Amino acid sequence: MSIVLGGLNSGARTISGLSSGLDSEAIIKAAVSAKSKPVNDLVIEQSSNNAKIAALKSLKGILSSLGELSNGLRNPLGFNQQDKNAFLYRNPVVTGNPTAFDTASDMIRVTANPGAQIANYTIEITNLAQKEIETIAGFSSQTADLTDGGTPEVVAGTFQINGENITIASGATLNDIRVAINAKSSDTGVTASIITITPESANGADDGVYQLQLVSNETGAANSISFTNFTTVFPGSGGVTVTQDQAALDASIEFNGTTITRSSNTIDDIITGVTFELLNAEAGTELTVDITQDTSTASSQIQNFIANINQFLIFSSNQQARDPGTGEPLPTAFLFDSPLLKTINSSVQTILKSSISTISGAYNDITDLGYSQELFEGEQIDGNPNTPSTSLLTEDGSLGTKLINNFDDIKQLFELQFNATGANDILALASTTRSISLTNFTVTVDTSQAEGQRVLITPSVGSAFYAEFDPYDDNDLSAGGTIIGVDGTALAGARFVYTGDGTDTISATISEGLGQKFYNLVQDQVSSLGSIDDQILLLQERNDDIDTEVADLQEEINDFELTLRDRYAQLEAAIAEANGVLSFLTAFQAAQNKG
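Structure report, in brief. (Residues numbered from 1 in each chain as written. Predicted model: local features only at pLDDT ≥ 70, side-chain atom pairs only at ≥ 80, totals over all residues. Heavy atoms only, no water.)

For the protein chain, the count of helices and strands is 10 helices and 29 strands. Here the protein chain has a C-alpha radius of gyration of 44 Å; the compact-globule value for 595 residues is 25 Å, and the former is much larger. Principal axes of the C-alpha set define a box for the protein chain whose edges measure 155 × 85 × 65 Å. A buried classification covers 40% of the 595 residues belonging to the protein chain. Put simply, of all contacts in the protein chain between residues at least 6 apart along the chain, 67% involve residues at least 24 apart. Summed over its atoms, the accessible surface of the protein chain is roughly 29,900 Å², and 48% of this surface lies on carbon and sulfur atoms. Charge centroids of the protein chain, computed over 28 positive and 73 negative side chains, lie 15 Å from each other. (Helix = DSSP H or I, 4+ residues; strand = E, 2+ residues; numbered from the N terminus. Rg over C-alpha atoms; globule rule 2.2 N^0.38 Å. Buried < 20%, exposed > 50% of the residue type's maximum accessible area, 1.4 Å probe, protein only. Contact = heavy atoms within 4.5 Å. Areas by Shrake-Rupley, 256 points an atom, 1.4 Å probe, with all protein chains shown as cover. Lys, Arg positive; Asp, Glu negative; His and termini not counted. Charge placed at Lys NZ, Arg CZ, Asp CG, Glu CD.)

Quick look at the structure:
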């Protein structure tokens, strides 16, 4: 007879030989597994949080692109913003009938910066700007000493190019003369090169034909080349000749009937934002330059803007996907229960269905551009939709034509428009950081009032309220200043430039176009303090907490397992000792029975 409870692995030591039917290792593993369930639940939660963070970052990326595209359509406020406005891009068109050239584009290249004035000009290119070219000929070698009976004879000494000393040392070669001249190039405005007409038959043969060519670094009559004391170094007795191959010359054009000269063939100071690059001259040929709206840039911006909205709509739809069998959210619908995504989606739909009050009234919503929302059925699995249907924007192909015929009307549909009347341009909207709910209001400026009551805003509907006035000069309130919308009012986030005398009443209207509305929506969600980043931060903080909780629980579990193993090991030892006693008693009893 013996007491046996099975085998146990205690660390690296295995206690075996007990066969009661109890599996000590399995008992411990089961107990540890039960103790580990909270850890497993936390790991699953953290994995879900990571998936949500990745989805939120994808959402932020989509909205960030939408923000950039809408910014290009909303007429960005502030200085030097023209290149961000797709409606301000220009398309210069050059026409004419040159005689010696194939097209007008062979004679002139025109570029126009965004915002350049829409206009047409006539240009006749009389002559191009030129560099002066002087050639010194008569050299028979590049490497022979010209100061010791060389050809031509050169005398060591100093001469001047455009007033700067050029010193030729004894033993100088043609190469040395070139180097000496170029060492002063930044001062003289002249660069020297050696032109090989006929090379020497052999090194040192002194039978070649070489020229030293001097070219002014810049075009224009002011960049001519002059020599002083030239014959001191080049006496001429050795056969040196100097020829002016090309005179320095200014460009000359007839611009809208007025003669204009410039030192360069690239002219950017006649019309603000327009650069004329003169390529060839032909007196008597008149060219026409039309600076027109670049409808292709605006069209591409609008199409990319719409494509990005559709990308968001598909993303939002996929995040609402359900299993067709169970009706439960798909594992990939990480933001299925996200109130934030639902709010953004609702805002997008509201803007798409909104009507914009424009000055012309010709284009008031997205459908006027030829876009309509059509049902997108979603992806299919075994004939059943696994992503919900959503309405996407589709175009009828008329946008390009509408931009050509109604450019300004379409521009108004997208842009933030501000108009002030009765003010002689003394009030301008400088910036806004959020949506403005006011459309019609009156601004009454009276700087004689107490601080905080100097600017009264009276909406056409609703109660009047005050805006802040920040004067340019605290000692002269009549010198103008900045009017700032106060938080909590309908002009919160808006800043106006005011240049009046401190006693003005101004009627104003603000209309937020589609570009501005989407820009405001995006800024609220993707800025550094936006809702998406807030959600990501909360999830990341929760994951950090989970890491701490898991580490603490794992330490408890490890201690729990060690305690179990120690207790079972003690039990095994006790049973083994008891079995030893039983064995002794059994043997003793057997011996007594035999006696």
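The eight strands are arranged β22-β29-β24-β25-β26-β27-β28-β23 in an open sheet whose pairing can be described as antiparallel. Both edges of this open sheet fall to β22 (416-421) and β23 (427-432), since each of them pairs with a single strand only. On average, each strand axis in the sheet is inclined to that of its neighbour by 30°, with strand direction left out of account. By the bridge criterion, seven bridges tie strand β24 (residues 440-446) to strand β29 (residues 503-512) in an arrangement that is antiparallel. (Pairing = 2+ DSSP bridges. Axes fitted to C-alpha atoms, helices over the stretch in contact; angles between N-to-C directions.)

One open sheet holds the four strands; their spatial order is β9-β10-β6-β12, and the pairing between them is antiparallel. Single-partner strands in this sheet number two, and they are β9 (190-198) and β12 (241-246). Here the strands of the sheet are splayed against their neighbours by 25° on average, with no regard to which way each runs. Of the strands in this sheet, β6 (133-139), β9 and β10 (209-216) touch helix α2 (residues 174-183), which is tilted by about 160° from β9.

With that settled, consider the nonpolar core. Ranked by internal contacts, the top residues of the largest apolar core, which has 47 residues, are Ile 302, Ile 309 and Phe 414. Secondary structure elements with two or more residues in this core: α1 (24-71), α5 (295-318), α6 (339-352), β21 (390-395), α7 (399-405), α8 (407-414), α9 (514-526) and α10 (531-594). Leaving out residues up to four positions away in the same chain, Phe 414 has contacts with Leu 73, Arg 74, Phe 87, Ile 302, Phe 305, Leu 369, Gly 513, Leu 514, Gly 515 and Gln 516. Formed by 26 residues, the second largest nonpolar core is a distinct cluster that contains Tyr 121, Ile 253, Phe 255 and Ile 270. (Core = buried A, V, L, I, M, F, W, Y, C linked by side-chain atoms within 4.5 Å.)

Before going further, it helps to spend a moment on the pairing of β6. Most of β6 is tucked away: six of the seven residues are buried. Across six bridges, the pairing between β6 and β10 is antiparallel. Paired with Thr 135 across the strands is Gln 213, a residue of β10. Bridge count between β6 and β12: five bridges; the pairing is antiparallel. When the sheet's bridge partners are listed, Ala 137 is paired in β12 with Thr 241.

Further remarks concern the packing of aromatic side chains. In total, this model carries 12 aromatic pairs according to the counting rule given. Ring centres of Phe 227 and Phe 230 lie 5.0 Å apart, and the angle between their planes is 50°; on these two criteria the pair is classed as tilted. Taking 5.4 Å as the distance between ring centres and 85° as the angle between the ring planes, the aromatic pair formed by Phe 305 and Phe 518 counts as edge-to-face. One end of the pair, Phe 305, is in helix α5; the other, Phe 518, is in helix α9, and 213 residues separate them in sequence. This pair shows no difference in class: Phe 305 is buried, exactly as Phe 518 is. Across from the ring centre of Phe 560, 5.4 Å away, lies the NZ or CZ of Lys 35, which sits over that ring. Above the face of the Tyr 519 ring, Arg 74 is positioned so that its terminal group lies 3.7 Å from the ring centre. (Phe/Tyr/Trp six-rings, centres within 6.5 Å; stacked < 30°, edge-to-face > 60°. Lys NZ or Arg CZ within 6 Å of the ring centre and 35° of its normal.)

Here Thr 358 lies in the loop between α6 and β18 (371-376). Judged by relative accessible area, which is 10%, Thr 358 ranks as buried. On a C-alpha basis, the gap between Thr 358 and Leu 416 in space is 9.8 Å, while along the polypeptide they are 58 residues apart. If sequence neighbours within four positions are ignored, Thr 358 has contacts with Tyr 363, Asn 364, Gln 412, Leu 413 and Gln 417.

Turning our eyes to something else, we now look at the packing of α1 against α5. Angle between the axes and distance between the axes: these two values describe a pair of packed helices. At a closest axis distance of 9 Å, the pairing of α1 and α5 adopts a crossing angle of 160°. Relative to α5, the element α1 is oriented roughly antiparallel. By crossing handedness, the relation of α1 to α5 is classed as left-handed. Contacts between α1 and α5 involve Ala 55, Ser 58, Leu 59, Ile 62, Leu 63, Ser 65, Leu 66, Glu 68, Leu 69 and Ser 70 from the former and Gln 301, Asn 304, Phe 305, Asn 308, Ile 309, Gln 311, Phe 312 and Phe 315 from the latter. (Parallel < 35°, antiparallel > 145°, perpendicular 65-115°, else oblique. Left-handed = near helix turned anticlockwise from the far one by under 90°.)

The next point concerns α6. The terminal C-alpha atoms of α6 lie 20 Å apart, and with 14 residues this matches the ideal 20 Å at 1.5 Å per residue to within 8%. For α6, the full list of buried residues reads Leu 340, Leu 341, Ile 344, Val 348, Gln 349, Ile 351 and Leu 352. Down the axis of α6, the buried set is contained in an arc of 170°. They therefore lie on one face. Facing away from the buried side of α6 by more than 90 degrees, the exposed set consists of Pro 339 and Thr 350. (Expected span 1.5 Å × (residues − 1). Arc of directions from axis to C-beta.)

Moving on, we come to a nonpolar patch on the surface. A surface patch of nonpolar side chains, amounting to about 410 Å² of accessible area, comprises Val 581, Phe 584, Leu 585 and Phe 588. Its relative accessible area of 46% is what places Leu 585 among the partly exposed residues. (Patch = residues over 30% accessible without salt bridge, like charges linked within 9 Å, V, L, I, M, F, W, Y side chains within 5 Å. Salt bridge = Lys/Arg side-chain N within 4 Å of Asp/Glu carboxyl O.)

Attention now goes to the side chain of Arg 90. Topologically, Arg 90 is positioned in strand β3 (residues 90-95). An unpaired buried charge is present at Arg 90: no salt bridge exists, and Asp 408, the closest side chain of opposite charge, is 7.7 Å distant. One polar contact links the side chain of Arg 90 to the main-chain carbonyl oxygen of Phe 87, over a distance of 3.5 Å. A polar contact is formed between the side chain of Arg 90 and the backbone oxygen of Leu 88, at a distance of 3.2 Å. (Polar contact = N/O pair within 3.5 Å; in protein donor to acceptor, adjacent residues only side chain to side chain.)

We now examine a negative patch on the surface. Where like charges cluster on the molecular surface, the negative patch consists of Glu 451, Glu 468, Asp 470, Asp 473, Asp 474 and Asp 476. Mapped onto the secondary structure, Asp 474 falls in the loop between β26 (465-471) and β27 (481-484). Asp 474 gets classed as exposed once you look at its relative accessible area, which sits at 63%.

Looking at where Tyr 498 falls in the secondary structure, it is placed in strand β28 (residues 494-498). Separated by 27 residues in sequence, Tyr 498 and Pro 471 have C-alpha atoms that sit 9.1 Å apart. The contact partners of Tyr 498, leaving out residues within four places of it in the chain, are Ile 426, Leu 427, Val 445, Phe 469, Tyr 472, Gly 480, Gly 481, Ile 483, Thr 503, Asp 504 and Ile 506. Separated by 2.9 Å, the side chain of Tyr 498 and the backbone nitrogen of Gly 502 make a polar contact. At a separation of 2.4 Å, a polar atom in the side chain of Tyr 498 contacts the side chain of Asp 504.

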